Amino acid sequence: MITSEVRALDFNEYLNLIARFTDEELIPREQEMVTRGEVPPDLVGRMAELGLFGITLPRDHGGLGWNVEQQVRLTLEFTRASCVYRSRFSTTIGLASQIILDHGTTEQRDRYLAAMAAGECVTAFALTEPDAGSDAAAVGTRAIRDGEHYVLDGEKRYITNAAWADLLMVFARTDPDSPGGAGLSAFLVDPSAPGVDIRVPPRMNGHETGPVAEITLAEVRVPVANLIGGKPGNGLRLALRGINHARTHVAATAVGQATRLLNDAAVHASRRHQFGRPLADIGTVEAMLGTSYAELQAGRALVLDTARAFDTGPIPRHQIAAAKYFCTEMAGRIADRAVQILGGEGIVGDHAIPRMWRDVRALRIYEGASQVHEHNLGRYVAESVS
């Protein structure tokens, strides 16, 4: 539950609060998180108290009402810490809440949004399947109407927060004969319902303390009232609304992670001596730090400009794709240079940089792989001049 003291803050005061929370609580407890194998439950509670589950929702739905630019500025702060922390509330603030806010029925908004903003209803976005990832229209999970219920059958995988979610947002095909995304719909599913089986994979290459999950849906009965928006066939449009918001936040996450990586690499380069001088005084290392700084500033400017465009509307989907593509690739390059600057410590031991190096690798894959964005942006550019 968001405290009354937090609700009384203006944005700059709130931004400073989250910056202090990142420096004083999130970053210092990263190693504890690694040792426990999970985000400490009391820290999740602190995230809820400080309103991090509610930054994207209006105040009349229990949130804090920050606009997209403000959300991005907040993301740049709290993602200087491990991005696993962010993953605990990312699907709630982005993909799920924005879909319900914009497209849910009045009853769905009233039932779920305030609880989501309070951190009391963690929601997982279940779209990806063995044969449907970047190609969202290839979803094969089926939802067949049976009286006042739909019966869902299918498989989902790589679903963030599914292992501890209070609610699943499941995309399924209500009209198997409709091509592409035309027959897709979205449902709100109780993860404890009969026929729902959720499993955590045995190994994660990055994000080890916040694993994704696989979901099997076997004859799961879902009330018709849980069809988002009350109408079948709008699933692809709903998914794209949530994904555009999420991609903006992923771009900001990449910038936040790169900020921390560059800072920690620079600290190491200043303290580590070789050949009688600090690494930071060696020309090749200077070049790595300088190039990283320039790329980081470009990414920061791009994502902030994208957020401002999002606020003024319409949703700038190509600019969002460009920001997601550039910023995640940029973070990967900075992470790789940071590991190189650490040398042996980048491979052996508990330094934060190699852990973050593994974590940021995933950013180039989810919410649209880099190659998909390259393709779509290239097609957009060609069509815009034809």
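Before any of the text, the structure's been laid out above.
What comes next concerns the included structure. None of the values given here were measured: they were computed from a predicted structure.

## Structural notes on the pairing of strand β7 (residues 213-223)
Two strands pair when backbone bridges link them, and strand β3 (residues 149-159) and β7 are joined in this way by 8 bridges, in the antiparallel orientation. Bridge pairing in β7 places H149 opposite P223. Of the strand pairs in this sheet, strand β6 (residues 196-199) and β7 are connected by 4 bridges, and their pairing is antiparallel. Bridge pairing in β7 places D197 opposite T216.

## A word on the nonpolar core
In terms of nonpolar packing, the biggest core is built from 38 residues, with V72 and L261 touching the most fellow members. Elements supplying a minimum of two residues to this core: α5 (68-78), α8 (235-271), α9 (283-312), α10 (317-342) and α11 (352-361). Residue contributions to this core peak at 11 residues, all from α10. For L261, the contacting residues outside a window of four places in its chain are A331, I334, A335, A338, I353, M356 and V360. Among the nonpolar cores identified, the runner-up in size contains 29 residues, and F11, I18, L43 and V84 belong to it.

## Some points on the side chain of R355
Relative to the helices and strands, R355 resides in helix α11. Judged by its relative accessible area of 10%, R355 falls in the buried class. A distance of 3.0 Å separates polar atoms of two side chains, one belonging to R355 and the other to E30. With residues up to four places along the chain from it excluded, the contact list for R355 reads E30, V34 and S82.

## Details of the packing of aromatic side chains
Applying the stated criterion across every chain, the model contains 6 aromatic pairs. Between F11 and W66, the ring centres sit 5.2 Å apart and the planes meet at 70°, which makes this aromatic pair edge-to-face. Pair noted here: F11 is in helix α2 (residues 11-26) and W66 is in the loop between α4 (41-49) and α5, with a separation of 55 residues, a long-range link. Grouping residues by exposure puts F11 and W66 together as buried. One cation-aromatic arrangement involves R59 over W66; the distance from NZ or CZ to the ring centre is 5.6 Å.

## Concerning the environment of R142
Structurally, R142 can be placed in strand β2 (residues 142-146). Overall, R142 belongs to the partly exposed group, its relative accessible area being 44%. Between the alpha carbons of R142 and L184 there is a distance of 8.8 Å; along the sequence they are 42 residues apart.

Conventions and cut-offs
- Residues numbered from 1 in each chain as written.
- Predicted model: local features only at pLDDT ≥ 70, side-chain atom pairs only at ≥ 80, totals over all residues.
- Heavy atoms only, no water.
- Pairing = 2+ DSSP bridges.
- Helix = DSSP H or I, 4+ residues; strand = E, 2+ residues; numbered from the N terminus.
- Core = buried A, V, L, I, M, F, W, Y, C linked by side-chain atoms within 4.5 Å.
- Buried < 20%, exposed > 50% of the residue type's maximum accessible area, 1.4 Å probe, protein only.
- Contact = heavy atoms within 4.5 Å.
- Polar contact = N/O pair within 3.5 Å; in protein donor to acceptor, adjacent residues only side chain to side chain.
- Phe/Tyr/Trp six-rings, centres within 6.5 Å; stacked < 30°, edge-to-face > 60°.
- Lys NZ or Arg CZ within 6 Å of the ring centre and 35° of its normal.

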